[in-house]
Amino acid sequence: MRSILLISVLFCLSGPAHGASFTVTQTADSSDNCDSACSLREAINDANRTPGNDDIAFDIPGTGPFVLAVSTALPQITEALSLDGYTQSGARPNNAVVGSNAVLQIELRGSGAANIGLALCAPNIVVRGLAITGFGSAGLHTALSGSLSCLQSGSNVRVEGNFIGLEADGVTTRPNGQGIVVNGGTAHIGGLALAQRNVIAGNSSNGVLYEGSGLAGSSVLGNLIGSDRSGLADRGNARAGVRVDAAQDIVIGNAAAANVIVFNAVGVHVATGSQRIDMADNVIRQNTALGFDLSTGAPNGVTPNDVDDVDFGSNSLQNFPELQVVERTATGLRIRGFLDVPAMTDTVPYRITAYASAACDGSGFGEGERVLGASVLNFTQGSSESFEMFIDVTPVAVGSFITTTATGPSGTSEFSACARVDGVIFVTGFE
């Protein structure tokens, strides 16, 4: 009996630590304790003092949306926490397939010395259902460097269902410096579920910035980046929709949760030797410069292919496919092309992704308004660098432009040169 009791006690001690719940009941930025009137600042302070996984909810009386204006920096979040704006009466997560119909009732708005909206300085923090605007450095950050840096890594952070750089209406811009900065820990921006979709737009620099080591396993999935809530109106981030700087192994979009990355200066910028950044599965259109730009420093336009792909840089400056034939078939498209891979490559799989756009980018390369599909093909240097793929898709209009990317061991390439779809439909007799 004594051993059973001892095992029971040890089990209780080793189980997950459940924290406390705090409810924000006022917009005023007061700073004492969370009692009958509780501000967000007070709720964060009290949550930081309470061990375990805490919750912050909202129950502000009256009719929203409510603006929580802060002129000095909020406390860093230093404990596991769920901060959920959807708990406010009248708020509702997105359930629209196109755009975002989320209803936000809480806007966190910065001014004066409040350069950071929320500093996420602990593992297992979730931020949901907030509009975050007007912060000079960043709306959210997990940074382990800089003047406002965290003392510990904000790893396994989740940012879901927010408007970053747009007011609660999802239309009016009120820029942050950077939208979201991830430095020193993993962060998942958006997700597979429609309710996880963020709208990240109108910011004065990058929408999302991943920089530095220790970020492997992070993801950016299912978001609108650079548009208003409809996905149609220009609210571009002034630099890149997503920038990755000196980081590795990050997924930006996948087949189940593509991001819509539009109207930014650059769609996705992979810089400073970043490696294995997979960004092929996204809707990329109407960005000012390239949809995908691989460079060492600032965006530098199209990086030409090189023989045997021996150059090195971000994503190892992965060569893009060179298209030779694009033909309509009875069920979709036939694409033939060539991909120059490194010497000594032997049956290495590369994913060739095809896109259709109504017009070719001004550079002649990209973008990708519609992801048509992908084929995983094995390439061998010298003897098997040509490829042919068939994609079953809804008929592609004559006059559309097809582009492709290659995703290999080093990550995704820039877009290939465009090929215009002609009016011929082949049913049999491919040469």
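Please refer to the structure placed before this passage.
Quick look at the structure, then. (Residues numbered from 1 in each chain as written. Predicted model: local features only at pLDDT ≥ 70, side-chain atom pairs only at ≥ 80, totals over all residues. Heavy atoms only, no water.)

1. Observations concerning the overall build of the protein chain
And then number 1: On a plain count of helices and strands, the protein chain comes out with two helices and 33 strands.
And then number 2: Over its C-alpha trace the protein chain gives a radius of gyration of 24 Å, about what one expects of a compact globule, namely 22 Å for 431 residues.
And then number 3: With the C-alpha coordinates of the protein chain rotated into their principal frame, the extents come out at 75 × 55 × 40 Å.
And then number 4: For the protein chain, contacts bridging at least 24 residues in sequence account for 73% of all contacts bridging at least 6.
And then number 5: Looking at charge distribution, the protein chain has the averaged site of its 21 positive side-chain charges lying 6 Å from that of its 39 negative ones. (Helix = DSSP H or I, 4+ residues; strand = E, 2+ residues; numbered from the N terminus. Rg over C-alpha atoms; globule rule 2.2 N^0.38 Å. Contact = heavy atoms within 4.5 Å. Lys, Arg positive; Asp, Glu negative; His and termini not counted. Charge placed at Lys NZ, Arg CZ, Asp CG, Glu CD.)

2. Comments concerning the sheet that holds strand 3 (residues 66-70)
And then number 1: Reading across from one edge, 3-5-8-11-14-17-20-23 is the order of the eight strands in this open sheet, with parallel pairing throughout. Edge positions in the open sheet fall to strand 3 and strand 23 (283-285), since each of these has one partner strand only.
And then number 2: Relative to strand 20 (residues 260-262), strand 17 (residues 224-225) runs parallel, the two sharing two bridges. Within strand 20, the position partnered with Leu224 by the bridge is Val260. (Pairing = 2+ DSSP bridges.)

3. A closer look at the pattern of salt bridges
And then number 1: Under the counting rule described, the total for this entry stands at 14 salt bridges.
And then number 2: Note that Glu167 is salt-bridged to Arg109, the shortest N-O span being 3.7 Å. In this pair, Glu167 is assigned in the loop between strand 11 (163-164) and strand 12 (178-182) and Arg109 in strand 5 (residues 106-110), connecting sequence segments 58 residues apart.
And then number 3: With relative accessibility at 14%, the residue Glu167 sits in the buried group.
And then number 4: For Arg174, the salt bridge identified is with Glu167, shortest N-O distance 2.9 Å.
And then number 5: Residue classification places Arg174 among the partly exposed positions, given a relative accessible area of 30%.
And then number 6: One salt-bridge network, in which partners are shared between bridges, spans Asp84, Arg128, Arg158 and Glu160. (Salt bridge = Lys/Arg side-chain N within 4 Å of Asp/Glu carboxyl O. Buried < 20%, exposed > 50% of the residue type's maximum accessible area, 1.4 Å probe, protein only.)

4. Remarks on unusual backbone geometry
And then number 1: In this structure, the amide linkage connecting Gly64 to the following residue, Pro65, adopts the cis form with an omega of 5 degrees.
And then number 2: The amide bond that connects Gly366 to the next residue, Glu367, takes the cis arrangement and shows omega of 0 degrees.
And then number 3: Despite not being glycine, Ala246 shows a phi value in the positive range, around 55 degrees.
And then number 4: Mapped onto the fold, Ala246 is located in the loop between strand 18 (240-245) and strand 19 (248-252).
And then number 5: Classification of Ala246 by relative accessible area gives partly exposed; the value is 31%.
And then number 6: Phi at Met344 is positive, roughly 75 degrees, even though this residue is not glycine.

5. Thoughts on the state of the cysteines
And then number 1: Scanning the entire structure with this criterion turns up three disulfides.
And then number 2: One disulfide in the model links Cys121 with Cys150; its S-S distance is 2.0 Å. The sign of the S-S torsion, about -60 degrees, decides the handedness of the disulfide formed by Cys121 and Cys150: left-handed. Taken together, the residues Cys121 in the loop between strand 6 (116-119) and strand 7 (125-128) and Cys150 in the loop between strand 9 (138-141) and strand 10 (157-160) connect sequence positions 29 residues apart.
And then number 3: Residue class for Cys121 comes out buried when judged on its relative accessible area of 1%.
And then number 4: Sulfur-sulfur distance for the disulfide between Cys360 and Cys418 comes to 2.0 Å. The S-S bond linking Cys360 to Cys418 shows a torsion near 85 degrees; that makes this disulfide right-handed. (Disulfide = S-S within 2.5 Å.)

6. Notes on the nonpolar core
And then number 1: In terms of nonpolar packing, the biggest core is built from 59 residues, with Leu40, Leu118, Tyr210 and Ile252 touching the most fellow members.
And then number 2: For this core, the element with the highest residue contribution is helix 2 (residues 40-48), accounting for four residues.
And then number 3: Filtering out sequence-adjacent residues up to four positions away, Leu40 remains in contact with Val24, Ile56, Phe58, Leu68, Leu74, Leu83 and Leu108.
And then number 4: Of all hydrophobic cores here, the second largest spans 21 residues; its members include Tyr350, Ala356, Leu372 and Leu377. (Core = buried A, V, L, I, M, F, W, Y, C linked by side-chain atoms within 4.5 Å.)

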